[in-house]
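# Descriptive structure summary
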2 protein chains.
Amino acid sequence: MSHPFQTSAEFRDLLNRAPASDQAATQAAADRNGQLTKPPGALGRLEDIAIWMAGWQGSEKPSASRPQVVIFAGNHGVAAKGVSAFPPEVTVQMVANFQHGGAAINQLSRNFGASMTVHALDLDRPTQDFTETAAMSEEELVDALLTGWTAVDPSYDVLVTGEMGIGNTTAAAAISAALLGGGAATWVGRGTGVDEAGLSRKASVVEAGLARHAEALADPIEVLRRLGGREIAAMAGAIAAARAHKMPVILDGFICCSAALVLAKAAEGALDHCLAGHVSAEGAHGRLLAALGKEPLLSLGLRLGEGSGAALALGVVQGALACHSGMATFAEAGVSGA
Amino acid sequence: MSHPFQTSAEFRDLLNRAPASDQAATQAAADRNGQLTKPPGALGRLEDIAIWMAGWQGSEKPSASRPQVVIFAGNHGVAAKGVSAFPPEVTVQMVANFQHGGAAINQLSRNFGASMTVHALDLDRPTQDFTETAAMSEEELVDALLTGWTAVDPSYDVLVTGEMGIGNTTAAAAISAALLGGGAATWVGRGTGVDEAGLSRKASVVEAGLARHAEALADPIEVLRRLGGREIAAMAGAIAAARAHKMPVILDGFICCSAALVLAKAAEGALDHCLAGHVSAEGAHGRLLAALGKEPLLSLGLRLGEGSGAALALGVVQGALACHSGMATFAEAGVSGA
């Protein structure tokens, strides 16, 4: 297929031409919901999920029986600064683990009937250290955005985006601090388990990145290029592609949401097709979700990435849609209303 | 089979002879968990669930692929006092809906691969109005406990107990107030959606019940007989049977947890084999879970009963066990540790 964009400016234009959800399908689903054999509102957020999905899928009875999980992996120049508890070679080792079916996201994808693909982005060529220069060139950024965009297959009914990349909570913290303010300390956390000294190094690295790129922090796409990473850009591309296809997305943890934040800052309403799957144990994730105006479905102390929290939330979404599509109405069941 | 108990005193004795979980299997699962390809603790509560299930099932790799959902329905004398937004005939109508596959719990059971049975307990013969006399005789209580006990099939790997019974949030509030104190207003809520006047009637009915049975409130089984209902007693019987079979249980909402509370007060540790599936929108449920020392897996604003919140939590439990049983170890995957 021809590329949907060839520059980051064209990508931004696409975000600003994103389609809206189908109001007729939303209304039809809301009407149906009001007739199902339960007290009004008794299924809580499950009802909201079903009606919202109906709008994006353009169907009174939406489905999540064919989810797509796309995992992007990248390596980070800042990993050399000692910001992770794990060495950078773990990124490529974990990609092999994904490919052989041994990681958490493989089990969760299989459990919830999802098709999963892994996309390794130039792992032998880490991004530049953002304390010194931009993490990516314009060309590298566009390549990563396109990798994400083209990974999305609109024949599936819901998308989960996940990532792997030693050092990438530091990049996510830098993006969050750049676009939301509050200083580095607000946004750095223990990631996969760094100690107190590691946490302090992360904050220093983020502060140095913010200082180095101070003149560019007003432009969200430029923030992504300078402070992000290939897997973060790829997630942004995938989330944007899903929107173009009117395919609902379940967001994962802090790093996934830092990619989503770039889109939200670049175009109003860019995340209207996204649900927050969970809030992770990485403290900054809750703050980031609040800034995005997203209420997470799950809060189970996960802090793994890989799309794992979003994949787990597929169970809730599938349960919601099973109720919405399968329940009898009061009239069908001969049950008296309130 | 011969009845496991013939009196409520014998039921109480069974509770006090309940088996413990298997410490060797717990340790084996914890050891395995420590070797899986993820940072330590990165799967949060999913890791705790897997290790806990291992102990009850006596297996390093526990399963939740064959859940059993048992739904009990009963009618309540206090329903005549106007404590529900729905008329009492809805109980029998909803039982028919369960039998025909049209209710929320049918869809959730199917979605998560559960086998579901419905047990209607003398719907044409409501319990007595507890503001006037005991809700059940000793014989009626034992019959209901036995209905619950015998409904449990230990060939399944995890149990969900649910209920249907117009008026039963009032009975659950009365049991909670009797066993935990705090007064009627602490424990009554809007149930399926009563208005302000209905809420006030519920509180008055509970207060009247507490006053009528004041001399008996120190004995949890007697509280169940006097203030409970057949479906609540049946859930207590089912939860106790699961313990005898060392079968883990996922607790549902406020009414299910009022049955569990009776067991917890009757025998220390009686709920060690139980997880809280969710916290419902019925405000008293959160207070009751706190009293039981149970942290819910989900909080999605459900207030339907039927076992719906617990059935939805099956997705989380199945995801947890898929990770625990299916993930590669660091050694298997050739991934470097921290």
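Structural data are supplied above this passage.
What comes next is a walk through the structure. These figures come from a predicted structure and were not determined experimentally.

Quick look at the interface of chain A and chain B now. Contact residues are listed per partner, giving 51 residues for chain A and 51 residues for chain B. Taking both partners together, chain A and chain B bury about 3,800 Å²; carbon and sulfur atoms supply 67% of that area. For the pair chain A and chain B, the number of links is zero salt bridges. For the pair chain A and chain B, the interface holds 14 residue pairs in polar contact (both at pLDDT 80 or more). At the level of secondary structure, the elements contributing two or more residues to the side of chain A that touches chain B comprise helix H3 (45–57), helix H4 (89–99), helix H5 (104–111), helix H14 (308–326) and helix H15 (330–333) of chain A. In terms of residue count, the dominant contributor to the side of chain A that touches chain B is H14(A) (eight residues). Broken down by class, the residue content of the side of chain A that touches chain B amounts to 29 nonpolar, 18 polar and four charged.

Below, the discussion takes up the sheet that holds strand S1 (residues 67–73) of chain B. Residue and element names in this part refer to chain B. Overall, parallel pairing links the five strands, which are arranged S2-S1-S3-S4-S5 in an open sheet. In this open sheet, the two strands that pair with only one neighbour each are strand S2 (115–120) and strand S5 (274–276). Each adjacent strand pair in this sheet contributes to an overall mean axis angle of 25 degrees, direction not counted. The pairing of strand S3 (residues 158–164) with strand S4 (residues 249–251) spans two bridges and is parallel. Counted as the bridge partner of leucine 159 is valine 249 from S4. Running at roughly 175 degrees to S3, helix H11 (residues 230–244) makes contact with S1, S3, S4 and S5 of the sheet.

Turning next to the pairing of strand S3 (residues 158–164) of chain A. Residues and elements named next belong to chain A. Burial analysis of S3 places seven of its seven residues in the buried class, which makes it a mostly covered element. Side chains Val158, Val160, Gly162 and Met164 of S3 all project onto a buried face; the interleaved residues Leu159, Thr161 and Glu163 project onto the opposite face, where all are buried too. Alignment of strand S1 (residues 67–73) against S3, held across seven bridges, turns out to be parallel. Directly across from glutamine 68, in S3, lies its bridge partner leucine 159.

Following the criterion strictly, the structure yields four aromatic pairs over all chains and no others. Every member of this aromatic cluster is reached through a ring pair, and the members are Phe5(A), Phe11(A) and Trp149(A).

Time to look at the environment of Leu300(B). Relative to the assigned elements, Leu300(B) resides in the loop between helix H13 (283–292) and helix H14 (308–326). Its relative accessible area of 2% is what places Leu300(B) among the buried residues. A sequence separation of 19 residues divides Leu300(B) from Ala281(B), and the C-alpha atoms of the two residues are 7.9 Å apart. Apart from residues no more than four positions distant in its own chain, Leu300(B) is found in contact with Leu43(A), Gly44(A), Arg45(A), Leu46(A), Leu297(A), Val316(A), Val279(B) and Leu312(B).

We now examine H14(A). Over its 19 residues, H14(A) extends 27 Å from the first C-alpha to the last, a length consistent with the 27 Å expected when each residue adds 1.5 Å. With 17 of 19 residues buried, H14(A) lies mostly within the body of the structure.

Residues and elements named next belong to chain A. At their nearest, the axes of helix H10 (residues 220–227) and helix H12 (residues 254–266) sit 8 Å apart, and the two run at 155 degrees to each other. In terms of their interaxial angle, H10 and H12 are classed as roughly antiparallel. Residues Pro220, Ile221 and Leu224 of H10 lie in contact with H12, whose contacting residues are Val262, Lys265 and Ala266. Considered class by class, the residues forming the contact of H10 with H12 number five nonpolar, no polar and one charged.

For Lys246(A), which is not a glycine, the phi torsion comes out positive at approximately 55 degrees. With respect to the helices, strands and loops of the structure, Lys246(A) is situated in the loop between helix H11 (230–244) and strand S4 (249–251).

Below, the discussion takes up the pattern of salt bridges. All names here are of chain A. Applying the stated criterion across every chain, the model contains 24 salt bridges over all chains. Of the charged contacts, one joins arginine 125 and glutamate 140 as a salt bridge, the two residues approaching to 2.8 Å between their closest N and O atoms. Note that arginine 125 is positioned in the loop between strand S2 (115–120) and helix H6 (138–151) and glutamate 140 in helix H6, a separation of 15 residues in sequence. On the basis of relative accessible area, glutamate 140 is assigned to the buried category, the value being 18%. Between glutamate 140 and arginine 230 there is a salt bridge, with its nearest N and O atoms 3.3 Å apart. Of the two residues, glutamate 140 sits in helix H6 while arginine 230 sits in helix H11, which places them 90 residues apart along the sequence. Arginine 230 carries the same exposure label as glutamate 140, and that label is buried. Connected through shared salt-bridge partners, Asp122, Arg125, Glu140 and Arg230 make up one network.

Structurally, Arg303(B) is set in the loop between H13 and H14. At 2.8 Å, the side chain of Arg303(B) and the backbone oxygen of Pro40(A) are in polar contact.

With that settled, consider the environment of Glu138(A). Residue and element names in this part refer to chain A. By the element assignment, glutamate 138 lies in helix H6. Assessed through its relative accessible area of 34%, glutamate 138 is described here as partly exposed. Once the C-alpha coordinates of glutamate 138 and alanine 9 are considered, the two residues, 129 residues apart in sequence, prove to be 10 Å apart. If sequence neighbours within four positions are ignored, glutamate 138 has contacts with Thr7, Ser8 and Arg225. A distance of 2.8 Å separates a polar atom in the side chain of glutamate 138 from a polar atom in the side chain of serine 8.

The next subject is the sheet that holds S4(A). Residue and element names in this part refer to chain A. The five strands lie next to each other as S2-S1-S3-S4-S5, forming an open sheet whose pairing is parallel. Each end of this open sheet is capped by a strand with a single partner; those strands are S2 and strand S5 (274–276). Each strand of the sheet is rotated relative to its neighbour by a mean of 25 degrees, with strand direction disregarded. Docked against the sheet, H6 engages S1 and S2, running at close to 160 degrees with respect to S1.

On to the side chain of His278(B), then. With respect to the helices and strands, His278(B) occurs in the loop between S5 and H13. For His278(B), the side chain forms a polar contact with the side chain of Asp252(B), separated by 3.4 Å.

So, on to the relation of the copies chain A and chain B. Its rotation angle being 180 degrees, the transformation that places chain A on chain B also includes 0.0 Å of axial translation and leaves an RMSD of 0.0 Å. The relationship between the two copies is best expressed as a two-fold rotation axis. Within chain A, Gly315(A) has its C-alpha nearest the rotation axis, a separation of 2.5 Å. Here 100% of the interface residues in chain A have copies in chain B that are interface residues too; the copies meet face to matching face.

Conventions and cut-offs
Residues numbered from 1 in each chain as written. Chains lettered and ligands numbered in written order. Predicted model: local features only at pLDDT ≥ 70, side-chain atom pairs only at ≥ 80, totals over all residues. Heavy atoms only, no water. Contact = heavy atoms within 4.5 Å. Buried area = accessible area lost by both parts, 1.4 Å probe. Salt bridge = Lys/Arg side-chain N within 4 Å of Asp/Glu carboxyl O. Polar contact = N/O pair within 3.5 Å; in protein donor to acceptor, adjacent residues only side chain to side chain. Helix = DSSP H or I, 4+ residues; strand = E, 2+ residues; numbered from the N terminus. Nonpolar A, V, L, I, M, F, W, Y, C, P; charged D, E, K, R; others polar. Pairing = 2+ DSSP bridges. Axes fitted to C-alpha atoms, helices over the stretch in contact; angles between N-to-C directions. Buried < 20%, exposed > 50% of the residue type's maximum accessible area, 1.4 Å probe, protein only. Phe/Tyr/Trp six-rings, centres within 6.5 Å; stacked < 30°, edge-to-face > 60°. Expected span 1.5 Å × (residues − 1). Parallel < 35°, antiparallel > 145°, perpendicular 65-115°, else oblique. Least-squares fit on C-alpha atoms with pLDDT ≥ 70 in both.

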